[in-house]
Amino acid sequence: MRQRILPFLLALVVGLGLLTSASAEEPMPAEPPTAAPPAIDAGNTAWMLISTGLVMLMVPGLALFYGGMVRQKNVLGTMMHSMVALSIVGLQWVLFGYSLSFGTKDSSGWIGWDWGYVGLSGVAPNAAFPGTSIPIFVHCMFQGMFAIITPALISGALAERIKFGPYCLFVFLWVTVIYCPLAHWVWALDSTASAAGWLGKMGALDFAGGTVVHIAAGVSGLAAILLLRKRTGYPQQTVIPNSLVLTLTGAGLLWFGWFGFNGGSALAANGLAGAALAATQVAAAAAGLSWILAEWLHRGRPTALGLASGIVAGLVAVTPAAGFVTPLSAIIIGALAGVVCYAAVSLKPFLKYDDSLDAFGVHGVGGLLGALLTGVFASAALWQAGAGSTASLGALGEAGTDYAAQIMAQIYAAGVSIVFAFVGTAVLVVLIDKTVGFCLDPIDETEGLDLTQHGEVGFDLGYAAETVSETPHAAPRPASRPPNGHVKRFTVVLDGATPADLMRVWSDLCQAGPTPPSVEFQAVYPYVTTVQGNRFRFRGGDPVAMSANLLRLFGDRLGGKTLRASVEEARP
Amino acid sequence: MKLIVAIIRPERLEAVQQALNERDVYLMTVTDVRGCGRQRGYTEVYRGAEVRVNLLPKIKLEIAVTDAFVEAAVEAIVHAARAPETGQIGDGKIFVLPLEDCVRIRTGERGPEAIGP
């Protein structure tokens, strides 16, 4: 295992080394800025600092969300898929990912580059990002969180079957060759703060990453699972989530973090951020509700996993729309997302692909739905008021009513994202699978990711542990005879019926039914210890009363047979 | 000497242990097990996929006792492990097995002396 991973780590380190040395040789911009640097606004910057933290919290949120859905033997491995992205992409982004995505100084429209953004080495802390009043440092960190969570979303499709080392390689390559170009095409701004990427120029609207983040992640997940093998035993064996407690907690953290994801995408603390936050809240609420309602009608029960999934589906769908749509529109988007994504994951068994945790069913389908509905519900008036701008929105035109053009732009951008992410991921997956092997050895898969990939276990709690009392039991003391107290023991022998008849009647009696047990049974049952043939052994109770009750119980049910009872006292 | 093996409902463990202690039976091994008997399983639903759970969680008790304690222990388990009111399918089973020998590892004692608390 180690021998196979080492060359890749070495290649990675050497590659990074070359890159940083290349950037060091490049002359730094020597001339002082001619104009005064754009002003940094304290309020806007404060909100973006908070938003960065909020989006970061979505990564552990996602780790919990996914971690709860897998089997107990895979919980750590699955959570590691999310958490390790913080480390891998966290470095990739600062070293060159941000430059590939948002650099416009040294590049043409297809891919970004700005030598000053490499390691943020040429950026002054007070330099503002074009068109905003927040520092480039903050913009870089905020956008970095998006780059981190996107490949982590893909891990949901591949959960429970892939090796850790190749996964790390995949995350690094995927962000570099798929995420960075997509982000550049949609979001990059030139120094005059107008769109620099070709999709952005076309007027496609994507407020917080429906296309770049969710469609790309969902479709990439689909490409990977279509090329890789299914989990062993799927679909004959069904996987039972180890802890929906983790999943619900994770969904809650995702919701919380999404206020930064969408609200922060205004890149300012203004009306637009408020509109985005409101849309986010109501869409998540509507989607959670519509998912469990659909489930309730379809299956008869609203489930916790359904609520968690619905919440995430709604958050995904509102991501491209937040900031462009009114709260009422957001409710419609959320409600549709809950139902459509529920239908999508319900179809999975018929389509026969193994999307472990429904990354495609929720993020791919929800993202696509959101991107299209953004074209339907976008309101130029709302955006202009929120952003304090008079510019026309997207492809809606001067009057803000050209919805046909806007919907076409949305379809085009989503289509580009789908094709690019699908083909790009397919190439990456085949490359990794052919060189180092992507999937686990089936024996390792049976043993679980935790032990085979990390040598640890997530948790080891049996149900016996749940019933341990807080106060210790009595201390053991030696005894040669069991203390019987003063309870009388005796045996009632019933004659006149076959033991088989007696046993049949007794077995029926000792079983909860629609009617409460008879008075005679209630009087007898607590004292009965064991029954053998026609001998009923008692501990406690009055022998005469017990005999009488037994005779009545059996007499009624054995129709006409005359029974006799005799009492034998237990040997001392 | 006998080995008593009892399969009980997880939620009855506390009561069974209490009842055994009252009869001076303290030493036992408790294991989480899954099994199926006449109690049929149940159905769980995850994101629309129905899962039939046929093996239900149970607790297995293993208790080694001298002959004098067999009846007391069986009686304690029977009373404490029953679901209240009438009993239910799924309350469990008790197996009593002959026990060849018993050795306390610390002292090397053998036989009935080695069983005690």
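Because the structure is a prediction, the values reported are computed rather than measured.

Quick notes on the rules
Residues numbered from 1 in each chain as written. Chains lettered and ligands numbered in written order. Predicted model: local features only at pLDDT ≥ 70, side-chain atom pairs only at ≥ 80, totals over all residues. Domains from an automatic or database assignment. Pairing = 2+ DSSP bridges. Helix = DSSP H or I, 4+ residues; strand = E, 2+ residues; numbered from the N terminus. Axes fitted to C-alpha atoms, helices over the stretch in contact; angles between N-to-C directions. Contact = placed C-beta atoms within 7 Å. Parallel < 35°, antiparallel > 145°, perpendicular 65-115°, else oblique. Left-handed = near helix turned anticlockwise from the far one by under 90°. Nonpolar A, V, L, I, M, F, W, Y, C, P; charged D, E, K, R; others polar. Core = buried A, V, L, I, M, F, W, Y, C linked by C-beta atoms within 7 Å. Buried ≥ 20, exposed ≤ 12 C-beta atoms within 10 Å, placed from the backbone.

**Q** Sorry if this is basic, but what is going on with the domain arrangement of chain A here?
**A** Reports often express the size of an interface as the amount of accessible area lost when the parts come together. Here the domain parsing of chain A yields domain 1 (40–231 + 241–454) and domain 2 (489–569). Its C-alpha centre places domain 1 of chain A at a distance of 68 Å from the equivalent point of domain 2 of chain A.

**Q** I'm lost on the sheet that holds strand E6 (residues 92–98) of chain B in this one. Help?
**A** As a general point, the strands of a sheet are linked pairwise by backbone hydrogen bonds and lie either parallel or antiparallel. Residue and element names in this part refer to chain B. One open sheet accounts for four strands, arranged E2-E5-E1-E6; its pairing is antiparallel. Pairing within the sheet leaves two strands with one partner each, and these edge strands are strand E2 (29–35) and E6. This sheet shows a mean twist of 20 degrees between the axes of neighbouring strands, independent of strand direction. Pairing of E2 with strand E5 (residues 56–65) involves seven bridges; the strand directions are antiparallel. Within the sheet, the bridge partner assigned to aspartate 32 lies in E5 and is isoleucine 59. Sitting on the sheet, helix H2 (residues 67–81) touches strand E1 (2–8), E5 and E6, and the angle it makes with E1 is about 5 degrees.

**Q** I keep staring at the packing of helix H2 (residues 42–67) of chain A against helix H8 (residues 244–263) of chain A and nothing clicks. Help me out?
**A** Two quantities define a packed helix pair, namely the angle between the helix axes and the distance between the axes. Residues and elements named next belong to chain A. Two elements in contact, H2 and H8, have axes separated by 7 Å at closest approach and are oriented at 155 degrees. Here H2 lies roughly antiparallel to H8, going by the angle between them. Crossing handedness for the pair H2 and H8: left-handed. Taken together, the residues of the contact of H2 with H8 break down into 17 nonpolar, nine polar and no charged.

**Q** Honestly, the sheet that holds strand E4 (residues 564–569) of chain A in this entry has me stumped. Any pointers?
**A** Residues and elements named next belong to chain A. With antiparallel pairing, four strands are arranged side by side in an open sheet as E2-E3-E1-E4. Unpaired on one side and paired on the other, strand E2 (528–532) and E4 mark the two borders of the sheet. The average angle at which neighbouring strand axes cross in this sheet is 20 degrees, direction not considered. With five bridges joining them, strand E1 (residues 489–495) and strand E3 (residues 535–539) adopt antiparallel strand pairing. Bridge pairing in E3 places arginine 489 opposite arginine 539.

**Q** Just checking my understanding: could you explain the nonpolar core for this structure?
**A** Side chains of a nonpolar character, in soluble globular proteins, are inclined to be buried together. By size, the foremost hydrophobic cluster in this structure holds 160 residues, and its most contacted members are Ala283, Ala321 and Ile333 of chain A. The element best represented in this core is helix H5 (residues 164–187) of chain A, accounting for 16 residues. Discounting chain neighbours no more than four positions away, the residues touching alanine 283 of chain A are Gly314, Leu315, Ala317, Val318, Ala330, Ile331, Ile333 and Gly334 of chain A. Ala19, Ile59, Leu61 and Val74 of chain B belong to the second-largest nonpolar core, a separate cluster that totals 21 residues.

**Q** Please clarify how the pairing of E5 of chain B should be interpreted in this entry.
**A** For E1 of chain B and E5 of chain B, the ladder comprises seven bridges, and the chain directions are antiparallel. Of the residues in E5 of chain B, the one forming a bridge with isoleucine 7 of chain B is lysine 60 of chain B.

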